[in-house]
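An overview of the molecular structure
Below, each chain spelled out in residue letters.
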Amino acid sequence: MAQSTSRASELGQLLRSRREQLQPTDVGLPAGARRRTRGLRREEVAQLAAISSTYYTYLEQAREVRPSRQVLDTLSAALRLDAAERSHIHELVHGAPPAETSAAAETLSSAVFSLVDRLDPCPAYVTGRCWDVPASHRAARALWTDWPARPPEARNRLWWMFTDPGARQMMVDWPAEASALLGRFRAAVARYPGDPGFSASLDRLHAASPEVRNWWPQHRIVPLSSGTKRLRHPELGEIELEHVVLQLADDPERKLVTFNATDQLRARISQLPQMGLGPLPEPTAQS
């Protein structure tokens, strides 16, 4: 009971704080005459959230009420809560964040692009929610594929893995790698039920790949993990690279995948022709 009261009190304080930070013009309401209340009135928030003013007052007063997830979503919209605040009030009331139903448009900051470039010549790239590849540097393109040169709908790790003959030639353990990638994708799909982006990706893969059609009903789930990749390159031969997967704090569904290469291997990668982009920089000496 004490924990429940504490959570209700925190919810009430958060709602009041955000209400007091908003002005009527922020939410499309007329400013009206001189106001004694700082920010919005309680009845104005209740109107925006389509709930009774008495019920909203009870929430701010930490009364023993338990709003539904739908009410929390309408309150989040009314009070202009950001994604983290919305998730927090769901956790306060229901003990868990809401299930995501739609993935927001993905953008990468210039800092992420800069970080990827600085990792060159150790291969590195970024993947998004549906395993698109929005950022990669020259070493990664030399080993995998020239992602920016591919059509937009083909700049995707899953699509490349299951539809590009080059992937089967390059991945020494293609069946295991492809199956694991599909298992990680299934785990992501479960986090975004009904999301049109995931549904469209899955439909395309089913239509294009017999392996996807055969493996998807097996319901294999594979967690994100670091490990070792074995690649077969026409000029480098068979090589083995350790990789680390890092999730971006702003959106954990976006991952920075980095590969550790020895000085000797980096030097060899730097000599590869890079699809018209010129040679990679010479590897720097390491202490």
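Below: a short report on this structure. Since we're looking at a predicted model, the values are computed, not measured.

**What to know about the packing of helix α2 (residues 42–49) against helix α3 (residues 53–60)**
- The interhelical angle for the contact between α2 and α3, taken along N-to-C directions, is 115 degrees, at an axis separation of 8 Å. Our classification of the angle between α2 and α3 gives roughly perpendicular. Relative to α3, the crossing made by α2 is right-handed. Across the interface between the two elements, R42, E43, V45 and A46 of α2 pack against S53, Y56, T57 and E60 of α3.
- The residue inventory of the contact of α2 with α3, partitioned by class, reads three nonpolar, two polar and three charged.

**Quick word on the sheet that holds strand β5 (residues 251–260)**
- The strand order across the open sheet formed by five strands is β2-β1-β5-β4-β3, and the pairing between neighbours is antiparallel. In this open sheet, the two edge strands, each paired with only one partner strand, are β2 (135–136) and β3 (227–233).

**With respect to the packing of helix α4 (residues 69–78) against helix α5 (residues 83–94)**
- Where α4 meets α5, the closest approach of the two axes is 10 Å, and the angle between their N-to-C directions is 150 degrees. Classified by the angle their axes make, α4 and α5 are roughly antiparallel. Once α4 is placed against α5, the crossing between them reads as right-handed. Contacts between α4 and α5 involve R69, L72, D73 and S76 on the former and, on the latter, R86, I89, H90, V93 and H94.
- When the residues that make up the contact of α4 with α5 are grouped by side-chain class, the tally is three nonpolar, three polar and three charged.

**A closer look at the pairing of β5**
- Burial of β5 is extensive: eight of the ten residues sit out of reach of the surface.
- Pairing geometry for strand β4 (residues 237–248) and β5, over seven bridges, is antiparallel. Each residue of the ladder has a partner; that of E242, found in β5, is N260.
- Hairpin connection from β4 to β5: two residues lie between these consecutive antiparallel strands.

Definitions and limits used
Residues numbered from 1 in each chain as written. Predicted model: local features only at pLDDT ≥ 70, side-chain atom pairs only at ≥ 80, totals over all residues. Heavy atoms only, no water. Axes fitted to C-alpha atoms, helices over the stretch in contact; angles between N-to-C directions. Helix = DSSP H or I, 4+ residues; strand = E, 2+ residues; numbered from the N terminus. Parallel < 35°, antiparallel > 145°, perpendicular 65-115°, else oblique. Left-handed = near helix turned anticlockwise from the far one by under 90°. Contact = heavy atoms within 4.5 Å. Nonpolar A, V, L, I, M, F, W, Y, C, P; charged D, E, K, R; others polar. Pairing = 2+ DSSP bridges. Buried < 20%, exposed > 50% of the residue type's maximum accessible area, 1.4 Å probe, protein only.

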